[in-house]
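# Reading the structure
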There are 2 protein chains.
Amino acid sequence: MNKTIRKGANSLPINEILAGDCIEVMNALPEESVDLIFADPPYNLQLRGDLHRPDNSKVDAVDDAWDQFDSFKVYDNFTRDWLKAARRILKPNGAIWVIGSYHNVFRLGAELQNQGYWILNDVVWRKSNPMPNFRGKRLTNAHETLIWASKNEAAKYTFNYEALKALNEGIQMRSDWVLPICNGGERLKDDNGDKAHPTQKPESLLHRIVLGTTNPGDVILDPFFGTGTTGAVAKMLGREFIGIEREEKYRKVAEKRIASVRKFDKDALRVSTSKRAEPRVPFGQLVERGMLRPGEELVSMNGRSTAKVRADGTLVSNDVKGSIHQVGAHLEGAPSCNGWTYWTFKRDGKNVPIDVLRQQIRAEMQ
Amino acid sequence: MNKTIRKGANSLPINEILAGDCIEVMNALPEESVDLIFADPPYNLQLRGDLHRPDNSKVDAVDDAWDQFDSFKVYDNFTRDWLKAARRILKPNGAIWVIGSYHNVFRLGAELQNQGYWILNDVVWRKSNPMPNFRGKRLTNAHETLIWASKNEAAKYTFNYEALKALNEGIQMRSDWVLPICNGGERLKDDNGDKAHPTQKPESLLHRIVLGTTNPGDVILDPFFGTGTTGAVAKMLGREFIGIEREEKYRKVAEKRIASVRKFDKDALRVSTSKRAEPRVPFGQLVERGMLRPGEELVSMNGRSTAKVRADGTLVSNDVKGSIHQVGAHLEGAPSCNGWTYWTFKRDGKNVPIDVLRQQIRAEMQ
DNA sequence: TACCGATGTGAATCTACGT
DNA sequence: AACGTAGATTCACATCGGT
């Protein structure tokens, strides 16, 4: 680390972690010299007070100084400057990936477009295990957004269509990626056993990006290197990397981490492809989709009970309200009940099990 | 259709489709008068035709230079103007939903923030049956992005947490929604059998938005009404709507469509509510009513602590005095504590949560 | 060993109301 | 407007200790 850059030279500081402010460091690199940039900039979260879980434990929030900006204007200036510096060092056919949340991603996307970058896709990282919303005041923030853009509209960017299709079991890769957050053994810890970096990204995410949008030997630069996920995956997949990181503690962790990675050591990749046997289909979806109407009557399989569907996907039967399972269990005096096989609805004079509708939705989802 | 708006009057043109440019029409509506705005703005503007450059110079339809930067400027001006008009007519505690793709959603989100709207969530509509990418040059564009924002940071927006949770079978609703695109019988056709509108949204999408972020009777305005999905769902779910649409052919289709919609009965529209909506019961009432006696001992749910009830409805435990919440929090060393679920009392040899007594009082209040 | 329950934790713009 | 108090609120995993 703390490498000196030979200015003006055409040689790049390959597979090194450069210390310093990313804008200054990028400006010292030769122009049109890198193939891909992956950037995970500060999100500018504006957290007010502490947040506790219902069990009173405190959420360890991102309150680091590097995420604090005084205003959107300050954040926009910062975004403009680093994207401009990135653009200069990008090869004509190079591309960029940025990641963000609703706090900052709209500023990022707009500025990319303003500078002439050409958006190829926005990609949604759907987290399979996000943190819930503890106060019940909003939707669970269960995704982050990535933007993939070429240097300009005419650029011949790299896209390994077949590789991604293969990774997706023969089906064309979509713009929404379901991947778990980085935890467990992959999550780097400091000497105290605390997380080494508050926002470490999973290697599975970078694996997809590197495999799909670079070729072996390409140079991938990450201006917000952190603990070096980009470098680790680049090395594994036989690409070169350049990391830039301001904070020494992160550089140290990254240095050590990458040193332990072996090239092409794909076994080291912890790509989790958590496959559920059957996707869960909430009963409410049948109502939303108009397959069942609010107010419509359901009849139990044994014909002894009826219940009315409500707009939020719950049932009412006399004074009992609840899910298809809860109401079924109550009516039967049973501890539990599979509502999917218990309830039927009327179509063309016949009683049809509601499970038929679930199968229909599952077929659509493949 | 083609309704005249009574300017200055406090009465809204409810459940009508207003003809004209949405900015002009919104500016003619009374301020702070609608509860929710749902907007699906166009992004394929015919920029070369009848528009002006940002500096107001005219654009030659044929061969005038019209670069990307100019076109973004025009789009941003358009976005700024309609979002400003929308903001004026929104009630202080109102909210807005906008939907877009990567072509325009970053401009939308950034301008929302610039105007002081407060983003609550960005939501990904994950299409279960998207159009494949035929050329294999990019990822399948399989989602669109929605932004949900309140009028400002302090606003008390409507969020029916329990209803959405019920719709999702008891698990809190996430920010990624898997719903099919609008096709089949739901897709409106014109007289030639072609689709009546290029971007008709599925009713399931609006169902979730209307159910989750409005109350029955609320006024929902859609400035880009198209074929009236917003109006149809609003009517079904017992809300009022105001549509604005420039093109007569869409207004006609929407008019006919909404006329054929049947409102769901009131009972079906009742949704699950949270405890927060229940009337507050002071603990002291339990003592006043003799449900608990002064001097009686309460035991904590975990069995580790006890406290004595005092005549004024406070508790004493050793040297600690205060409300059921304060004493519970102190004994647990927690930042806060819900005394109602923390404390139990003895009846017939069993420990009964004091919340049972509160339920009893609430039932009597009905 | 295998299973079970208790415990811990993750990029979070996370309350409402009365005084 | 600031402040204090009542009291409502969590999902998917990973780890670990005990049976």
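For the structure itself, consult the block above.
A brief structural summary. (Residues numbered from 1 in each chain as written. Chains lettered and ligands numbered in written order. Predicted model: local features only at pLDDT ≥ 70, side-chain atom pairs only at ≥ 80, totals over all residues. Heavy atoms only, no water.)

Residues and elements named next belong to chain B. Pairing in this open sheet of 8 strands is mixed, and the strands run 1-8-7-2-3-5-4-6 from one edge to the other. Strands at the two margins of the open sheet, each flanked by one partner only, are strand 1 (16–19) and strand 6 (176–179). Taking each pair of neighbouring strands and ignoring which way they run, the sheet shows an average axis angle of 20°. Here strand 1 runs beside strand 8 (residues 240–245); their pairing, made up of 4 bridges, is parallel. (Pairing = 2+ DSSP bridges. Helix = DSSP H or I, 4+ residues; strand = E, 2+ residues; numbered from the N terminus. Axes fitted to C-alpha atoms, helices over the stretch in contact; angles between N-to-C directions.)

Here we take up the pattern of salt bridges. Taken as a whole, this structure holds 33 salt bridges over all chains when the rule is applied. Linked by salt bridges that have partners in common, Arg126(A), Arg174(A), Asp176(A), Arg126(B), Arg174(B) and Asp176(B) make up one network. (Salt bridge = Lys/Arg side-chain N within 4 Å of Asp/Glu carboxyl O.)

Moving on, we get to unusual backbone geometry. A positive phi angle is found at Asn318(A), which is not glycine, with a value near 55°. Within the secondary structure, Asn318(A) sits in the loop between strand 11 (315–317) and strand 12 (320–322). Exposure remark for Asn318(A): the relative accessible area of 73% places this residue in the exposed category. For Glu32(B), which is not glycine, the phi torsion reads 50° and is therefore positive. Locating Glu32(B) in the fold gives a position in the loop between helix 1 (22–27) and strand 2 (34–39). (Buried < 20%, exposed > 50% of the residue type's maximum accessible area, 1.4 Å probe, protein only.)

Around DNA strand D, a shell composed of 29 residues is seen, among which Tyr161(B), Lys165(B), His325(B), Trp340(B) and Arg358(B) lie nearest. Looking at DNA strand D alone, sugar and phosphate atoms form 63% of those within 4 Å of the protein. At 3.3 Å from a base oxygen of DNA strand D is found a main-chain nitrogen or oxygen belonging to Pro130(A). Within the side chain of Arg280(B), an N or O atom sits 3.0 Å from a sugar or linking oxygen of DNA strand D. Those elements that provide at least two residues to the surface near DNA strand D are helix 4 (161–167) and helix 10 (324–332) of chain B. (Near = heavy atom within 4 Å. Polar contact = N/O pair within 3.5 Å; in protein donor to acceptor, adjacent residues only side chain to side chain.)

Moving on to the protein's contact with DNA strand C. All names here are of chain A. In the vicinity of DNA strand C, 37 residues are found, and the nearest of them are Arg53, Tyr102, Arg135, Lys137 and Arg187. Atoms of DNA strand C within 4 Å of the protein belong to the sugar or the phosphate in 45% of instances, the rest to bases. Between Arg187 and DNA strand C, the recorded distance is 2.7 Å, taken from a side-chain N or O atom to a phosphate oxygen. Split by residue class, the surface near DNA strand C holds 18 nonpolar, 7 polar and 12 charged. (Nonpolar A, V, L, I, M, F, W, Y, C, P; charged D, E, K, R; others polar.)

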